[in-house]
Amino acid sequence: MEKLAYEESYELVKEEIQKALTNSPRIINEYLTHLSAAQGKMIRAVSVLTCAQDEEGKINPSAVHAAAAIEIIHLASLVHDDVIDDADLRRGKETLQKKYGKRTAVICGDYLLSLALKMTAAIPNRKDYEDYEDMNLPNYISRLCLGELLQHINNDNLNLTVFEYIKIISGKTAALFEASFLAGAIMGGYPAEEIKKYRKIGNYAGLIFQMQDDCLDFDETVEQAKKPVQSDYEQGVITLPVIYALGQLPDFKKKAAEGCIGRADINRAVEKSGGLNFTKQMIGRYYKKAERCISRLDTTEEKRRKITAIVKKATGMKVEL
Ligand code: FPP
Ligand code: MG
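Residues numbered from 1 in each chain as written. Chains lettered and ligands numbered in written order. Predicted model: local features only at pLDDT ≥ 70, side-chain atom pairs only at ≥ 80, totals over all residues. Heavy atoms only, no water.

- By the naming in an unreviewed UniProt entry, the protein goes by Heptaprenyl diphosphate synthase and is assigned to Muricomes intestini.
- Regarding the protein, the relevant UniProt record gives this comment under Cofactor (unreviewed entry): "Mg(2+)". (UniProt positions renumbered as here; feature names shortened; annotations may be inferred.)

Structure representation (structure tokens):
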């Protein structure tokens, strides 16, 4: 099959997602059409396509289906996440769970997952990819679920360590980023040693993305984030800025354990301890690791620049992808 230019592939991914959502059976159509009205940042799709690019920047059409499938898996996880977090806003629109109820949202999330699986099963000539089995999307979906479950088990755990936090975000967010980079590299036909590097960069990008997202809970307004902010702690989710504050301020930890802290106390403690700076330093450390790995990729300077831009975007920098 003829390879595609980047822009064309990107448009095709958007089209495939829109089609899958809006051409769905009548009974579920209203809900999926509601979801289709708000597009995400598409950073995972961009990762698949970018990693799949050859020396001329051309992309194997199968990467389009893999990118669409991964975005749909991501969407499914968000629909479920909004049920868990009781969130009312996502991508600037009312969440499915708020508009139609939790039961509907859970079922729609499940349905989306089936759509993604159908998309991957339909990838043409997938037997032609020597490493296709290594893409192992089901394994990444498992990691996603286990990460989310580990977070849930650790709800309100004031003794959560940085190590445990990394384990949580490694599953709930980094897994799908890793899958995106891996899928792209496989569709690009790269050798095993190279594929390993892409996978690693994806993992770093995912960790960075979640740490940055956890800073946004303190840094941004609802209008900027287009989703609830100042809400992680209230949902029992202990993120890195708070882990740091709890470690630095024994009085704050004592009060938290007694259940007598409010939003203002959390913000003050994070501010006083430098919890956001600490988190941003961690982001910087992972950024350096990613940079080192990118420099070792056997590819063009242009592709290295594009992959660096994705990692920069994950840090929250305003870069065009
Ligand atoms: C957002 O986190 C949520 C995730 C990154 C993953 C959620 C995963 C599940 C609910 C497991 C189920 C998975 C499938 C495939 C159906 P967040 O709450 O920190 O971010 P937010 O601020 O964007 O809500
Ligand atoms: Mg959430």
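From this point, the narrative continues.
1. As for the overall build of the protein
Moving on, step 1. Along the backbone of the protein there are 16 helices and two strands.
Moving on, step 2. For a compact globule of 321 residues, the expected C-alpha radius of gyration is about 20 Å, and the protein comes in at 20 Å, within 12% of that figure.
Moving on, step 3. For the C-alpha atoms alone, the extent of the protein along its principal axes is close to 65 × 50 × 30 Å.
Moving on, step 4. For the protein, buried positions account for 54% of its 321 residues.
Moving on, step 5. Across the protein, the fraction of contacts at a sequence separation of at least 24, relative to all contacts at a separation of at least 6, is 75%.
Moving on, step 6. Taken together, the 45 basic and 46 acidic charged side chains of the protein have centroids lying 2 Å from each other. (Helix = DSSP H or I, 4+ residues; strand = E, 2+ residues; numbered from the N terminus. Rg over C-alpha atoms; globule rule 2.2 N^0.38 Å. Buried < 20%, exposed > 50% of the residue type's maximum accessible area, 1.4 Å probe, protein only. Contact = heavy atoms within 4.5 Å. Lys, Arg positive; Asp, Glu negative; His and termini not counted. Charge placed at Lys NZ, Arg CZ, Asp CG, Glu CD.)

2. Thoughts on the coordination of the magnesium ion (ligand 2)
Moving on, step 1. On the protein side, the magnesium ion (ligand 2) has Asp 81 (OD) and Asp 85 (OD) as donor atoms, found 1.9 to 2.1 Å from it. Pair noted here: Asp 81 and Asp 85 are both in helix H4 (residues 62-85), with a separation of four residues, about one helical turn. (Donors = N, O, S within 2.8 Å, 3.2 Å for Na, K, Ca; no water.)

3. A word on the layout of surface pockets
Moving on, step 1. Each pocket or cavity is described by its volume, and for the second largest pocket that value is around 200 Å³.
Moving on, step 2. If you go around the second largest pocket, the residues you meet are Leu 249, Pro 250, Asp 251, Phe 252, Lys 255, Asp 265, Arg 268, Ala 269 and Lys 272.
Moving on, step 3. For the lining of the second largest pocket, the secondary structure elements donating two or more residues are helix H13 (250-257) and helix H14 (263-273).
Moving on, step 4. Residues belonging to the lining of the second largest pocket are distributed by class as follows: four nonpolar, no polar and five charged. (1 Å grid on protein atoms, 1.4 Å probe; cavity = no way out; pocket = protein on both sides within 12 Å on 5 of 7 lines; lining within 4 Å. Points joined across faces, edges and corners; volume = space filled by probe spheres on them. Nonpolar A, V, L, I, M, F, W, Y, C, P; charged D, E, K, R; others polar.)

4. A word on a positive patch on the surface
Moving on, step 1. On the surface, Lys 200, Arg 285, Lys 288, Lys 289, Arg 292 and Arg 296 cluster together into a positively charged patch.
Moving on, step 2. Broken down by element, the residue count for the positive patch peaks at four residues, all from helix H15 (residues 275-295).
Moving on, step 3. Among the structural elements, Lys 289 can be located in helix H15.
Moving on, step 4. A relative accessible area of 34% places Lys 289 in the partly exposed class. (Patch = residues over 30% accessible without salt bridge, like charges linked within 9 Å, V, L, I, M, F, W, Y side chains within 5 Å. Areas by Shrake-Rupley, 256 points an atom, 1.4 Å probe, with all protein chains shown as cover. Salt bridge = Lys/Arg side-chain N within 4 Å of Asp/Glu carboxyl O.)

5. With respect to empty space enclosed by the protein
Moving on, step 1. Inspection of every chain in the model, using the stated rule, returns two cavities of 30 Å³ or more.
Moving on, step 2. Its volume calculated, the largest cavity comes out at about 130 Å³.
Moving on, step 3. Taken together, 14 residues make up the lining of the largest cavity; nearest its centre are Leu 35, Arg 90, Glu 94, Thr 95 and Leu 96.
Moving on, step 4. Within the residue set of the lining of the largest cavity, elements represented by two or more residues are helix H2 (26-36), H4, strand S2 (93-94) and helix H5 (96-100).
Moving on, step 5. With four residues, H4 is the single largest residue contributor to the lining of the largest cavity.

6. Observations concerning unusual backbone geometry
Moving on, step 1. One non-glycine residue, Asp 86, lies in positive phi territory at about 55 degrees.
Moving on, step 2. By the element assignment, Asp 86 lies in the loop between H4 and strand S1 (89-90).
Moving on, step 3. Given a relative accessible area of 51%, Asp 86 falls into the exposed group.
Moving on, step 4. Within the chain, Asp 156 stands out as a residue other than glycine whose phi angle is a positive 65 degrees.
Moving on, step 5. Looking at the element boundaries, Asp 156 is found in the loop between helix H8 (137-153) and helix H9 (162-187).

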